[in-house]
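# Structural characterization, general
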Amino acid sequence: MSRLSRRRRRLPEAWRRPLAVVGGVIALTWLIVAVAAPLLAPYDPLAQELPRLAPPGPDHWFGTDQLGRDIFSRVLYGARVSIPLTLLLVVLSVLIGGLLGACAGYFGRWVDETVMRFADLVFAFPTVILAMVVAAALGASLTNAVLAVLVVAWPSYARVTRGLVMGMREREFVLSGRLLGFSAWRSLRLDVLPNVTGPILVLATLDIGTALLLLSGLSFLGLGAKPPSPEWGAMVSSGVEVFDSWWVATFPGLAILTVVLAFNFLGDTLRDALDPRTARAIKVRAL
Amino acid sequence: MTLTISNLQVSIGGAKILRGVDLALQPGKVHGLAGESGSGKTMTGLATLGLLPHGATTSGRVDLAGRDLLTMPVRELNQVRGKEVAMVFQDPATSLHPMLTVGRQLTEHMRHHLRLDKATARAKAFELLGKVRIPGAEAALKRYPHQFSGGMRQRIAIAVALACSPKVLIADEPTTALDVTVQAGVLRLLRSLCDDLGLAVLLVTHDLGVMSAVADEVSVMKDGLVVETGPRERVLRTPSHAYTRSLLDALPGETA
């Protein structure tokens, strides 16, 4: 008993690898930035009072853009726009896709057919194009961009959850739960779902990067955030107009890159930590 | 409470799995159900409680104290499952929830069916673990299934099944996954529970040795039909059906 609890207190091996640490540190830094942007930013992200297109230097670490705004401050404030929305987006698609997929897998028959045919319908379109169509149809705004990404993001959770639930519902302890008189919902909630959360959590973490890319992609295309807002995709887009001033597009681009990388590292780590079997298999193959 | 299965038929996707099964379970009696794998033993157990794979169709009658379980609405059936008729599965490694403590699994459906508060349910769980002879019940309640041996897990599974004092227990190959010495213990436990609590037990097994040790009545199944039924002594000593004889002949070391 004591040996068990002591082992649990130590950080699992997967979390002590370099990539995990790097991913964790970067992600944590961005979260802190998102919370504390007003304290960290040297300038007002919207104020257009600085020299235009000043290159990076001691006064403006990331330079200024064509309207005389400090890019460093805008990148910091951008974290407040992009990161919470991305997280919200992923949480919502896990909830929606997961719930629909769980019902499809558990109840089968017409529920399964209905849900999964809708999922297939979405899958049949290229993700970015469908998201663009939805965003354009709803009208360009950040909220609509989030909705658009949500429309294309839920089916992958539905599919994964459905598969896991179908495997789980045939397990004896789930049957035995039903035979003890648990209703279908109770059985789904108590017996099935806790046993499928691991893989879904991994998928969600890996998906944070994709969702952020898609969301800033929509803004880049002018279907998301509106101009004055310091959204990274929109900033990259405005940087493209002044291509000679490389810093305008590069720094928000780097911000996107680091967040995506960090969450991919975290997702990989989470998978290794939650599923030691595949992690070991991969290691053996690597040898 | 007696459970009478009459002319139970199940087919899945056009294939007839059960072709008219008749069985009668009496309180205080262990009814053994023998037969090779694929003969429909497990299906009989599951169909009795209305838990069949998608696409299965059933007909016939499963009578529990005047009510037909086959036509009962699910809401009512959920009140019967676990409370009046409970089931124990073959493999105790998979029939317990891996992520809940033994205490939680024992109390969950007691609280649900009997509307007990936490403390009462816990006290009852403690008592149940004693009844199935799990030592150190207080500590056992806080532990997870994987921390127990196979035989102990099966005892726990039996305790879970008995928690709401059902009148009928369906035990589907309860000793098959256990080694022989542990088997004997679990069988003795089933027998004594049957005698003490007046349970009607349906003991599904392919092992005629197990059968002859505890069963009062024996039915033999083949291809979805009960081909022979009667008191243990008669069926095992003077089998009337050719299939029963071949099953008996297949027992090693018991050739006459």
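Residues numbered from 1 in each chain as written. Chains lettered and ligands numbered in written order. Predicted model: local features only at pLDDT ≥ 70, side-chain atom pairs only at ≥ 80, totals over all residues. Heavy atoms only, no water.

With an unreviewed UniProt entry as reference, chain B is termed Dipeptide ABC transporter ATP-binding protein DppD, source organism Sinosporangium siamense. In its Subcellular location (unreviewed entry) section, UniProt records this for chain B: "Cell membrane". (UniProt positions renumbered as here; feature names shortened; annotations may be inferred.)

Within an unreviewed UniProt entry, the label attached to chain A reads Cytochrome c550, and the organism entered is Sinosporangium siamense. What the UniProt record of chain A gives under Sequence similarities (unreviewed entry) is the line "Belongs to the binding-protein-dependent transport system permease family." Among the UniProt annotations of chain A, the heading Subcellular location (unreviewed entry) holds the following wording: "Cell membrane".

A few words now on the overall build of chain B. Secondary structure summary: chain B contains ten helices and ten strands in total. Principal-axis analysis of the C-alpha atoms gives chain B an extent of 55 × 45 × 30 Å. Burial statistics for chain B: of 256 residues in total, 51% are counted as buried. Partitioning the contacts of chain B with sequence separation of at least 6, the portion at a separation of at least 24 is 66%. With the model as given, the accessible surface of chain B reaches about 10900 Å², and the carbon-plus-sulfur share is 54%. (Helix = DSSP H or I, 4+ residues; strand = E, 2+ residues; numbered from the N terminus. Buried < 20%, exposed > 50% of the residue type's maximum accessible area, 1.4 Å probe, protein only. Contact = heavy atoms within 4.5 Å. Areas by Shrake-Rupley, 256 points an atom, 1.4 Å probe, with all protein chains shown as cover.)

Look at Arg109(A): it is not a glycine, yet its phi comes out positive at around 45 degrees. Following the sequence through the fold, Arg109(A) ends up in helix α4 (residues 109-124).

In this section: the UniProt feature "domain: ABC transporter" (unreviewed entry) in chain B. UniProt's feature table lists "domain: ABC transporter" (unreviewed entry) at residues 3-248 of chain B, given in the numbering used throughout. When the span residues 3-248 of chain B is considered, its composition is 39% helix and 26% strand, and the gap between its end C-alpha atoms is 28 Å.

Residues and elements named next belong to chain A. Per the UniProt record, "transmembrane region" (unreviewed entry) is found at residues 20-41, 83-107, 128-153, 200-225 and 245-267. Secondary structure within residues 128-153 divides into 88% helix and 0% strand; the distance between the first and last C-alpha atoms comes to 11 Å. Taken end to end, residues 200-225 has its terminal C-alpha atoms 29 Å apart, with 81% of it in helix and 0% in strand.

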